[in-house]
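Structural overview for review
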Amino acid sequence: IPDEDEEVLTLDEQTRRPLNTALRQQRIAAWNPYLDPWWVVATFLVLAAIFIPVGFKIQSMSNQVVEVRVEYDRWNDPNPLCGIGQTPNANVNCTLRFNVTKDMEPPILVHYELSNFYQNHRDYVKSRDNYQLLGSLTQTRQQALVCEPLNKLGNITLNPCGFIANTLFNDVFTLANTEFIMQEKGIAWASDLEYMFAQPEGFQAEPCPNGDCSSACCEGEEWSCEVPYQNKQDEQCYRYFYPNDNTTQYLYETYPQVVSPLEGVTNEHFVVWMRIAALPTFRKLYGYIEDPIPAGTILEFNVNANFEITSFEGSKALIISTNNMFGGRNVW
């Protein structure tokens with residue numbers, strides 16, 4: 001605006017005018033290096049002197065990781081070790097054997113691996129109701145639309161709803177070797193368990209009085225169970241209540257092989273699955289072994305196969321491995 005314009009304020013009236021300093025007026029001298037060849041060559045030599053030894057060290061640490069992998073199902077394999085074809089929830093049982101050729105020091109991690117399964121697809125990623133996963137029983141129209149088409153089955157509400165929760169990997173692995181124990185607690189992020197998942201509002205559970213494991217334990221309107229649930233950890237029978245159970249299908253009803261009614265959405269296998277993978281081929285932690293495994297050991301895992309992979313032309317594998325400060329083995 002020209003100075004003679006009547007709308008120009010005097011300097012005293014210009015209260016928002018930046019201070020007349022080099023910083024405020026952008027007059028600070030800038031450093032513009034001249035990238036002559038010698039300067040560039042010297043810089044790359046210094047970086048190479050640092051990163052080449054570091055790279056060799058990291059590669060050496062990765063090579064020391066002991067890993068044994070067994071693929072047990074592939075969509076186009078005519079004779080898979082534990083195939084179920086196109087049948088979901090097939091309930092097929094089989095045994096996988098791992099020949100440990102090197103000593104393995106704890107913690108020894110047990111992962112399952114899926115290929116060609118795009119958890120990072122946009123529609124898949126957003127298909128969840130975070131309020132519902134935290135226990136809310138009310139759902140806005142927008143939250144319901146996000147979960148479609150897996151929000152309701154007819155008049156039955158799915159809790160939790162959405163693609164991620166309702167495509168849970170539901171193969172079950174059991175370590176057959178009695179001298180080792182596979183732990184399945186402590187595999188999920190503690191922050192996820194504390195802040196992102198909770199049983200539905202109104203849920204309650206308690207041991208059956210006098211150890212009664214009959215259906216009489218669930219009598220009364222304050223309990224929604226028909227028969228009590230026998231907890232495998234303490235061998236006690238529990239009665240429980242889920243609100244709106246007649247019109248809602250809860251996670252333990254969708255995946256009874258994996259999720260108990262006492263845990264629901266706080267089941268750690270479910271919590272691990274809900275933290276989506278970035279790539280189509282990925283591994284997720286299933287458990288860990290806290291005892292050393294000597295070379296020459298034959299580990300056997302009983303598998304109850306239910307997760308169908310033919311529809312997306314994928315594969316399934318079970319992996320046991322040690323790790324280091326950078327994680328598992330990675331040739332890249």
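Provided above is the structure to which this section pertains.
Computed from a predicted structure; not experimentally measured.

Scoring rules and cut-offs
- Residues numbered from 1 in each chain as written.
- Predicted model: local features only at pLDDT ≥ 70, side-chain atom pairs only at ≥ 80, totals over all residues.
- Heavy atoms only, no water.
- Disulfide = S-S within 2.5 Å.
- Helix = DSSP H or I, 4+ residues; strand = E, 2+ residues; numbered from the N terminus.
- Salt bridge = Lys/Arg side-chain N within 4 Å of Asp/Glu carboxyl O.
- Buried < 20%, exposed > 50% of the residue type's maximum accessible area, 1.4 Å probe, protein only.
- Pairing = 2+ DSSP bridges.

Now for the state of the cysteines. Counted by the stated rule, this structure contains five disulfides. Across the disulfide, cysteine 147 is cross-linked to cysteine 161 (sulfur-sulfur distance 2.0 Å). Taking the sign of the S-S torsion, 45° for the link of cysteine 147 and cysteine 161, the bridge is right-handed. In this pair, cysteine 147 is assigned in helix α4 (residues 141-147) and cysteine 161 in the loop between β5 (156-159) and β6 (172-175), connecting sequence segments 14 residues apart. For cysteine 213, the disulfide goes to cysteine 237, at an S-S distance of 1.9 Å. In this structure, the disulfide formed by cysteine 213 and cysteine 237 twists by about 100° around the S-S bond and is classed as right-handed. Placement of cysteine 213 in the loop between β8 (204-207) and β9 (229-230) and of cysteine 237 in strand β10 (residues 237-241) is noted, with a sequence separation of 24 residues between them.

Now for the pattern of salt bridges. Counted under the stated rule, the structure contains 11 salt bridges. Across the pair glutamate 300 and arginine 97 runs a salt bridge, and its minimum N-O distance is 3.0 Å. Note that glutamate 300 is positioned in strand β13 (residues 298-305) and arginine 97 in strand β2 (residues 92-99), a separation of 203 residues in sequence. What makes arginine 97 exposed here is its relative accessible area of 53%. Each of the salt bridges in this network shares a partner with another, and the network as a whole consists of Glu67, Arg69, Glu71, Arg74, Glu113 and Arg283.

Moving on, we get to the sheet that holds strand β12 (residues 282-289). Spatial ordering of the open sheet is given by β1-β14-β3-β12-β7, a layout of five strands whose pairing is antiparallel. Among the strands making up the open sheet, the edge pair consists of β1 (67-74) and β7 (182-183). One ladder, built from seven bridges, connects β1 with strand β14 (residues 315-321); its direction is antiparallel. The partner of glutamate 67 across the bridge, within β14, is serine 321.

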